[in-house]
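In case you want the letters, here they are:
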Amino acid sequence: MNQEKQLKILFVSAEVSPFAKTGGLADVAGSLPQALTELGHDVRIVMPKYKFISHQMETRFDFPITISGRKETAVIRESYVDVNGDNNKKVPVYFIDNYQYFDRDNMYCYFDEVERFAFFCRAVIEMLPGLDFKPDIIHCNDWQTGPIPVLLKEQYSIIPFYEDIATLYTVHNLFYQGNYPKDCLELLGLKEDYFDPDKLEFYGDISFMKAGLVYADIINTVSRTYAREIQTPLYGERMDGILRKRSRDLYGIVNGIHYCDFDPMTDSCILRNYDHQSVENKKENKYALQKTMHLPVGDVPVIGLISRLVDQKGLDLIAEIFEDLMTKDVQFVLLGSGDRYYERFFKDMDKHYPDKIGVYIGFNAALAQQIYAGCDMFLMPSRFEPCGLGQLISLRYGTIPIVRATGGLADTVSNYDPFSKRGNGFVFKEYVAEKLLDAIERALYVYRDRKDLWTDLVKRALESDFSWANSAKEYVELYHTAMGKKSEEEDVQTA
Ligand code: ADP
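Residues numbered from 1 in each chain as written. Predicted model: local features only at pLDDT ≥ 70, side-chain atom pairs only at ≥ 80, totals over all residues. Heavy atoms only, no water.

The environment of the ligand is formed by 20 residues, the closest being Gly24, Asp27, Arg308, Lys313 and Tyr372. One of the side-chain nitrogen or oxygen atoms of Lys21 is found 3.0 Å away from an oxygen atom of the ligand. Backbone polar atom of Gly362 to a nitrogen atom of the ligand: 2.8 Å apart, as the coordinates give it. Taken by itself the ligand offers 560 Å² of open surface, and the protein chains cover 91% of this. Secondary-structure elements contributing two or more residues to the shell around the ligand are α1 (24–38), β13 (302–309), β14 (331–338), α11 (365–374) and α12 (390–396). Considering only residue class, the shell around the ligand consists of 8 nonpolar, 8 polar and 4 charged. Summarising the domain contributions, the shell around the ligand has at least three residues from each of domain 1 (8–257 + 469–494) and domain 2 (279–465). (Near = heavy atom within 4 Å. Polar contact = N/O pair within 3.5 Å; in protein donor to acceptor, adjacent residues only side chain to side chain. Areas by Shrake-Rupley, 256 points an atom, 1.4 Å probe, with all protein chains shown as cover. Helix = DSSP H or I, 4+ residues; strand = E, 2+ residues; numbered from the N terminus. Nonpolar A, V, L, I, M, F, W, Y, C, P; charged D, E, K, R; others polar. Domains from an automatic or database assignment.)

We now examine the domain arrangement of the chain. One frequent convention defines the size of an interface as the accessible area lost when the parts assemble. Here the chain is partitioned into domain 1 (8–257 + 469–494) and domain 2 (279–465). Distance from the C-alpha centre of domain 1 to the C-alpha centre of domain 2: 33 Å. When domain 1 packs against domain 2, close to 1500 Å² is buried across both sides, 63% of that on carbon and sulfur atoms. Connecting domain 1 to domain 2 are 0 salt bridges. Across the contact surface, domain 1 and domain 2 share 9 residue pairs in polar contact (both at pLDDT 80 or more). Mapped by element, the contributors of at least two residues to the side of domain 1 that touches domain 2 are α1 and α6 (224–229). Its residues assigned to classes, the side of domain 1 that touches domain 2 shows 7 nonpolar, 8 polar and 5 charged. (Buried area = accessible area lost by both parts, 1.4 Å probe. Salt bridge = Lys/Arg side-chain N within 4 Å of Asp/Glu carboxyl O.)

Right, let's talk about the packing of helix α9 (residues 315–326) against helix α10 (residues 340–352) for a bit. A pair of packed helices is characterised by two quantities: the angle between their axes and the separation of those axes. Following both chains from N to C, one finds α9 and α10 inclined at 20°, their axes separated by 12 Å at the closest point. By the criterion of interaxial angle, the relationship of α9 to α10 is roughly parallel. At the point where α9 passes α10, the crossing takes the left-handed sense. Contact residues: Leu315, Asp316, Ile318, Ala319, Phe322 and Glu323 in α9; Tyr342, Phe345, Phe346 and Met349 in α10. For the contact of α9 with α10, the class distribution of residues is 8 nonpolar, no polar and 2 charged. (Axes fitted to C-alpha atoms, helices over the stretch in contact; angles between N-to-C directions. Parallel < 35°, antiparallel > 145°, perpendicular 65-115°, else oblique. Left-handed = near helix turned anticlockwise from the far one by under 90°. Contact = heavy atoms within 4.5 Å.)

Let us now look at the pattern of salt bridges. Where charged atoms of side chains with opposite charge meet at close range, the side chains can pair. Considering all chains together, one arrives at 33 salt bridges under this definition. Among the ionic pairs, Lys286 bridges to Asp376, the shortest N-O distance being 2.7 Å. Of the two residues, Lys286 is situated in helix α8 (residues 282–292) and Asp376 in the loop between α11 and β16 (377–380); the sequence distance between them amounts to 90 residues. Each of Arg70, Glu72 and Glu115 takes part in one network of salt bridges that share partners.

Have a look at this one:
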């Protein structure tokens, strides 16, 4: 197959930065299509039109979708993202609008989630002829888009327009699976016989995630280590059997970050811009952050945490060591929201140690940049982590990550050794609170007692490259692999 060919790629995601974001998926969906466009491909993005999205957009057309015997209207609207800030190069973004399903205050967690995303998947497929855009590949992401490969293969491929479209399904987080009662098959227009362990049945339910894993031509996840881990019962979230079965079609490609959006040299959210040649300016961002978070201003090491406050992120380990941590000469800054338990825990700690911890519960993109720039260290002790973007963004800002070696954290952060001067962060392996504390202490030692080494570590972090440049090329190869697989399958069917 001609690897140079310009591909037509449809990128499907429930969230896309800058329009709607709850986590890393939005960052990837906003930035990978830009990198692919830079490589010369024709990429379009599609997502739901949530109520709060206020960007200017054009209404293209509408059409009816039949769902459970009812007709619902899908309105297609169009906006775009500029490619790497260049307003002459754009990635079109299509929005699927429907008043009943998406005109709500939040993105997720509604009683009729299954119906909302069943509608979305069908609308994505059916909008294509109207756009006169026939993709070579549909790139689906996470559970909300899982039914697309099965619908395409089992219902639409008899229509010539759809017959040779290949699919790639990317797992950004296996924990969120979209499992629903058996009768929801009807919402997808699939018959009872899809309630089968080799198809969509999953422990007595049907699973959107499983639909993607079973039916996509190729599947991948967002780091090599996570691709290996999820084939084991410990990390497999009960999908490990299916993943082992498809291990020949399962790949791992580490995420990149968008180097224009995350650039300490041009970031307008931070007080003072800097790069590896002006690291001393980073300190002014630290003082500004200390002021913002009502902490005493000074040269104390500041540890940051920006995260969804959920078990996955290793917060129980942090809670366990917190009192110990507070006995040290450090400050701690947290930005996040999620489980009430952890929100309350950090608010309580804020009351106990007002001079040592600054807490902001909520989502705040500008404050996030200020924390990445203003902290010295960034904490990610995750129980599991498909890729993780926090550690990549913090490295980009010269803030040294302290991580557990799992998933993408293991692939992107290596332990610093003051003797060989190798490594770019502080790493622990076992999911045990003392090991986390030990990693923090190692970082504090270098910061406090080996200033020269610390400065060197920060400079190297600022020079490292975690842009999309390499990973986008790997995705292009994967698209070709999926297309090759699809055409082999067609050859078998026509033989
Ligand atoms: P996940 O996708 O599991 O949430 P990642 O590390 O892959 O974790 O991506 C998280 C992304 O969301 C990062 O860009 C991080 O900076 C951002 N983020 C997380 N929580 C917040 C918050 N409360 N405010 C602003 N940005 C946040």
